[in-house]
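Architecture and fold: a report
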Amino acid sequence: MARAGQVAGTATAARPTLPAPATRGGHTTQTAPTPQEAREGGAAPRKVAVVTGAGSGIGRAVAHALVAANWTVVLAGRRAEALAETARLVGHVDIEAPTIMTVPTDVTRPDEVDALFTAVRDRFSRLDLLFNNAGTFGKAAPLDELAYDDWRAVVDVNLTGAFLCAQAAFRTMKGQDPQGGRIINNGSISAHTPRPHSIAYTATKHAMTGLTKSLSLDGRPYQIACGQIDIGNAATDMTGRMQTGILQANGQMAVEPVMDAADVARTVVHMAALPLAANVQFATVLATNMPYIGRG
Ligand SMILES: NC(=O)c1ccc[n+]([C@@H]2O[C@H](COP(=O)([O-])OP(=O)(O)OC[C@H]3O[C@@H](n4cnc5c(N)ncnc54)[C@H](OP(=O)(O)O)[C@@H]3O)[C@@H](O)[C@H]2O)c1
């Protein structure tokens, strides 16, 4: 995992047709013109996105969809091997010279978040999108039995980690020329309504809505747009229990319908592709038949 000053870009060339990786300032990436180089050469610059939690699930699906939509994508998460696997999978998207950089990062650590965004600025000179996605459900436990450390572990990732990444992205977007960019926070339907035994997850996802609204307001003078996607039951590691049986509000266990993470990713790409003058403030995407709306 990266420590301050040791952020390492990881070579992700897995597809024989891709250009050889290029190394700059210690970061190794797949080759494509940087936005700066593209501007100088007259080519349309690729937009640059950071995706946190990119080593699995929704983050991986969004990275894949962004690269397919011609974005340069920086993959962040704690597990270097998982990021490399995402990069390998994304490398198979059949377009010209995708640029991918992996930066192992623990979003709960301010030094590592600083190092991530410094690496982005050093390599690409700008940032157009943060998909603020890293998150954890934490331990499902009756409220009175939840240990302080279990509460804290969820708050550190879902709230403090999301804040640190948003703040670093905000600073980058405010300071760059042309100014501006977009932050898309990954909330949840738990930002609206809890599941049983999920107080830390529910509280942090409600807090994400406050983060989104404050970022939206404070971003206005600087062309920084902020929106939130609230997902229900995309099939990922986090939702394995939906497919085996999960506690319902009435005390029963039930298997719940899930949807493909790729359908979430398409929504994120749509939100990301809008001009900065337009913003999807909140989008809810859920498995159509899951027990959320109404009484089941
Ligand atoms: N799946 C759903 O139906 C659903 C519904 C609502 C909301 N969401 C939200 O979607 C996001 C992604 O979840 P998922 O379903 O794709 O589950 P997942 O596969 O478990 O993904 C969670 C990701 O977060 C990363 N992460 C966790 N702690 C981190 C840390 N300290 N620093 C950096 N990265 C960290 C993990 O990577 P490392 O372990 O490598 O760090 C992992 O890639 C979460 O915010 C979740 O709350 C999902």
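For the structure, check the block above.
All values derive from a computational prediction rather than experimental measurement.

Parameters and conventions
- Residues numbered from 1 in each chain as written.
- Predicted model: local features only at pLDDT ≥ 70, side-chain atom pairs only at ≥ 80, totals over all residues.
- Axes fitted to C-alpha atoms, helices over the stretch in contact; angles between N-to-C directions.
- Helix = DSSP H or I, 4+ residues; strand = E, 2+ residues; numbered from the N terminus.
- Parallel < 35°, antiparallel > 145°, perpendicular 65-115°, else oblique.
- Left-handed = near helix turned anticlockwise from the far one by under 90°.
- Contact = placed C-beta atoms within 7 Å.
- Nonpolar A, V, L, I, M, F, W, Y, C, P; charged D, E, K, R; others polar.
- Buried ≥ 20, exposed ≤ 12 C-beta atoms within 10 Å, placed from the backbone.
- Pairing = 2+ DSSP bridges.
- Right-handed = clockwise from strand over helix to strand, strands pointing away.

1. Description of the packing of helix 5 (residues 148-175) against helix 6 (residues 199-219)
It is at 9 Å that the axes of helix 5 and helix 6 come closest, and there the two elements cross at 15°. Taken as axis vectors, helix 5 and helix 6 run roughly parallel relative to one another. Judged by the sense of rotation from one axis to the other, the crossing of helix 5 with helix 6 is right-handed. Contact residues: helix 5 offers Asp150, Trp151, Val154, Val155, Asn158, Leu159, Ala162, Phe163, Ala166 and Phe170, while helix 6 offers Ala200, Tyr201, Thr204, Lys205, Ala207, Met208, Leu211, Leu215 and Gly219. Among the residues making up the contact of helix 5 with helix 6, the classes are represented as 14 nonpolar, three polar and two charged.

2. So, the pairing of strand 8 (residues 224-232)
The element strand 8 is extensively covered by neighbouring structure, given that nine of its nine residues are classed as buried. The alternating pattern of strand 8 places Ile224, Cys226, Gln228, Asp230 and Gly232 on one face and Ala225, Gly227, Ile229 and Ile231 on the opposite face, and all of these are buried. Where strand 7 (residues 181-186) and strand 8 come together, six bridges link them in parallel fashion. When the bridges of strand 8 are listed, Ile184 appears paired with Gly227. Between the parallel pair strand 7 and strand 8, the chain is carried across by helix 6, and the sense of this crossover is right-handed.

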